[in-house]
Amino acid sequence: MSFELTAKQAEQRDAAASAARHILAYGGSRSGKTFGFCRCVAARALSAPESRHLICRLHNIDVRQAVMMDTWPTMMRLAFPGVPYTPNKADQFVVLPNGSEVWFGGLDDKERVEKILGKEYATIYPNETSQIAYETILTLRTRLAQNITKVNGHRLPLKAYYDLNPVGRSHWTHREFVEGVRPDNGLPLPSGTRAWVQMNPADNPNLPPEYLEELETLPERQRQRFLDGKYLAEVPGTLWPIERMDATRVEKAPELTRIVVAVDPSGSDGAGGDSQGIIVAGKGVDGHAYILEDLTCRLSPAGWGRRAVEAYGRWKADLIVAEANYGGAMVESTIRTADQNAKVKLVKASRGKHVRAEPIAALYEEQADDRGEIIRPARAHHVGAFSDLEDQMAAFTTEGYQGAGSPDRADALVWALTELMLGEETTAQMFLSKSVRQKLKGNRA
């Protein structure tokens, strides 16, 4: 029996074969996105001898088990029956009969990342892109550089494929592909450089009906993501509505009177675990706060310490504010090892994240009188777009953080704006118990 692509996989194939260099497939769970792009990678590899291609995910164990050991061999058996290939399980690549290589790599292991970035590729395919930071995507694109010729004598055009179960509309994939603008500054992208296709499980005739029934019973937000394949608005009750962040966005900050670098450390050694949130923010001559840069990373203590200190120097900042909950002495030592003269202030969180976030979220909100006239404008602004940061902010509600993982970026933002906008007295009282605050209030009276 001959193998046939589903109708949506054929649409995905056609998008991949278009003139666009960057192609996105987004949609619900088990819709065939990974299978379809693996087939595209294999077809390109077989068309160009000695070419090299990369399939990667955030976690190495996931790309190894889910793609290299499962989807790839299944795809080859069905789509290219009789075409042999030689797997190298130690270094995680396969070699096709014409000498082409397809590499499978995780982005959470320093040694493997160095191997990945040490090579040039004709195709890069970041799989499950919702888990991968935009800055990592930009780095991967620098390795999309192999100049290779197909068997027909024509050059193999460079291609990048991306897929994900869609997340918030502020995610870089929505900005870049659906809106057609650069995620960092909102400027239009060159016409024809991007293409996208939506693929959902209902379009996959190979799924059992029971699976679709299970997806139907998911909570509304999860159902929209994994069944309907929709990019989502912010969570209900969010402290930072997307429209509010958009309304306060500016292209340029005014003259700044004070700048801080805020750090939300993690227990990670750089090989895995949570990221370290690093946000640069300033206070303008207008008294408003401006988010200037998001330098969040997943590095060793020495690595994130250097990153924070480099920002401190580059922006001529006044202070590095760092959360001390992962060990105040260690955090301060890490920063001072990178720059012994840096001015450091340690802050300790003793209350819930959403409690600390609420007064900061209020800075983004206009205040109006009973007639609807603005009596106080929003006082916090983003200089450009910060899609990963804004996704985390949109997932903060009055009930707590509703996003995946740790809100490292948003936590660092809260520390930065607390220092700049709430003052030392308010900063200190944010972490006092209610009874102590009432007692202080009584004493002052």
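Residues numbered from 1 in each chain as written. Predicted model: local features only at pLDDT ≥ 70, side-chain atom pairs only at ≥ 80, totals over all residues. Heavy atoms only, no water.

1. Digging into the overall build of the chain
Right, so step 1: Looking only at helices and strands, the chain has 15 helices and 18 strands in total.
Right, so step 2: Expressed as a percentage of its 445 residues, the buried residues of the chain come to 51%.
Right, so step 3: Counting contacts in the chain only where the partners sit at least 6 residues apart, residues at least 24 apart contribute 68% of the total.
Right, so step 4: Surface accessibility of the chain: about 20500 Å² in total, with carbon and sulfur atoms responsible for 49%. (Helix = DSSP H or I, 4+ residues; strand = E, 2+ residues; numbered from the N terminus. Buried < 20%, exposed > 50% of the residue type's maximum accessible area, 1.4 Å probe, protein only. Contact = heavy atoms within 4.5 Å. Areas by Shrake-Rupley, 256 points an atom, 1.4 Å probe, with all protein chains shown as cover.)

2. Digging into the sheet that holds strand β11 (residues 289–294)
Right, so step 1: As summarised here, the arrangement of the six strands in space is β13-β12-β9-β10-β11-β16, forming an open sheet in which the pairing is mixed. Each edge of the open sheet carries a strand with a single partner, namely β13 (344–347) and β16 (380–382). When strand polarity is set aside, the average angle formed by the axes of neighbouring strands in this sheet is 25°.
Right, so step 2: Direction of pairing for strand β9 (residues 256–264) relative to strand β10 (residues 277–284): antiparallel, over a ladder of eight bridges. Across the sheet, residue D264 finds its bridge partner in β10, namely G277.
Right, so step 3: Where helix α10 (residues 301–314) meets the sheet, it contacts β9, β10, β11 and β12 (319–323), and its direction lies at approximately 175° from that of β9.
Right, so step 4: Where helix α13 (residues 387–394) meets the sheet, it contacts β10, β11 and β16, and its direction lies at approximately 140° from that of β16. (Pairing = 2+ DSSP bridges. Axes fitted to C-alpha atoms, helices over the stretch in contact; angles between N-to-C directions.)

3. Quick word on the packing of aromatic side chains
Right, so step 1: By the definition in use, this model includes 13 aromatic pairs.
Right, so step 2: Measuring from centroid to centroid gives 5.5 Å for Y26 and W196, while their planes differ by 35°, and the two rings are tilted. Here W196 lies in strand β8 (residues 194–199) and Y26 lies in strand β1 (residues 22–27), a separation of 170 residues in the sequence.
Right, so step 3: Considering the side-chain rings of W240 and F396, the 6.0 Å spacing of their centres and the 75° angle between planes classify their relative orientation as edge-to-face. With W240 in the loop between α8 (220–226) and α9 (242–247) and F396 in strand β17 (residues 396–397), this residue pair connects regions lying 156 residues apart in the sequence. (Phe/Tyr/Trp six-rings, centres within 6.5 Å; stacked < 30°, edge-to-face > 60°.)

4. Regarding the nonpolar core
Right, so step 1: If you look at the biggest cluster of nonpolar residues, it comprises 37 residues, and the most contacted ones within it are W240, I291, I360, Y364, M393, L413 and L417.
Right, so step 2: Secondary structure elements with two or more residues in this core: α9, β9, β10, β11, β12, α12 (353–361), α13 and α14 (408–429).
Right, so step 3: Sort the elements by how many residues they give to this core and α14 lands first, with 10 residues.
Right, so step 4: Sequence-distant contacts of Y364, that is, excluding residues within four places in its chain, are made with W240, R244, T248, I291, A378, A380, H382, M393, L413 and L417. (Core = buried A, V, L, I, M, F, W, Y, C linked by side-chain atoms within 4.5 Å.)

5. Some thoughts on the sheet that holds strand β5 (residues 101–106)
Right, so step 1: Spatial ordering of the open sheet is given by β3-β4-β5-β2-β6-β7-β1-β8, a layout of eight strands whose pairing is mixed. Pairing within the sheet leaves two strands with one partner each, and these edge strands are β3 (86–88) and β8. For this sheet, the mean angle separating the axes of adjacent strands, direction not counted, is 15°.
Right, so step 2: Relative to strand β7 (residues 159–164), strand β6 (residues 123–126) is paired through two bridges, and the arrangement is parallel. Bridged to I124 within β7 is A160.
Right, so step 3: Strand contacts of helix α2 (residues 33–47): β1, β2 (52–57), β5, β6, β7 and β8, with the helix running at about 165° to β7, the strand carrying the most contacts.
Right, so step 4: On top of the sheet, helix α5 (residues 134–141) reaches β1, β2, β6, β7 and β8; it is set at about 165° to β6, its chief contact.

6. Focus: the packing of helix α1 (residues 7–16) against α2
Right, so step 1: One can describe the packing of α1 onto α2 by two numbers: an axis separation of 10 Å at closest approach and a directional angle of 40°. Between α1 and α2, the angle falls in the class oblique. Between α1 and α2 the crossing geometry is right-handed. In contact with Q9, Q12, R13 and A16 of α1, α2 contributes K33, F35, G36, F37, R39 and C40.
Right, so step 2: Of the residues that constitute the contact of α1 with α2, the class distribution is four nonpolar, three polar and three charged. (Parallel < 35°, antiparallel > 145°, perpendicular 65-115°, else oblique. Left-handed = near helix turned anticlockwise from the far one by under 90°. Nonpolar A, V, L, I, M, F, W, Y, C, P; charged D, E, K, R; others polar.)

7. Description of the environment of V263
Right, so step 1: Note that V263 resides in strand β9.
Right, so step 2: In sequence terms V263 and A308 are 45 residues apart; their C-alpha atoms lie 7.4 Å from each other.
Right, so step 3: Sequence-distant contacts of V263, that is, excluding residues within four places in its chain, are made with G277, I278, W304, A308, I320, V321, A322, E323 and W415.

8. Re the pairing of β5
Right, so step 1: Extensive coverage of β5 is indicated by the burial of five of its six residues.
Right, so step 2: Where β2 and β5 come together, six bridges link them in parallel fashion. For R52, the partnering residue across the bridge sits in β5 and is E101.
Right, so step 3: Hairpin connection, strand β4 (residues 93–95) to β5: the antiparallel pair is bridged by five residues, and G99 has positive phi, about 90°.

9. Brief notes about the confidence of the model for the chain
Right, so step 1: In the predicted model, the chain carries a mean pLDDT of 86, and the fraction of residues at 70 or more is 88%.
Right, so step 2: Within the chain, no element has a lower average pLDDT than helix α15 (residues 434–444), which sits at 37, and none a higher one than β6, at 98.
Right, so step 3: Between residues 424–445, whose pLDDT stays under 50, and residues either more than four places distant or in other chains, the model counts 22 contacts. (pLDDT = per-residue confidence, 0-100.)

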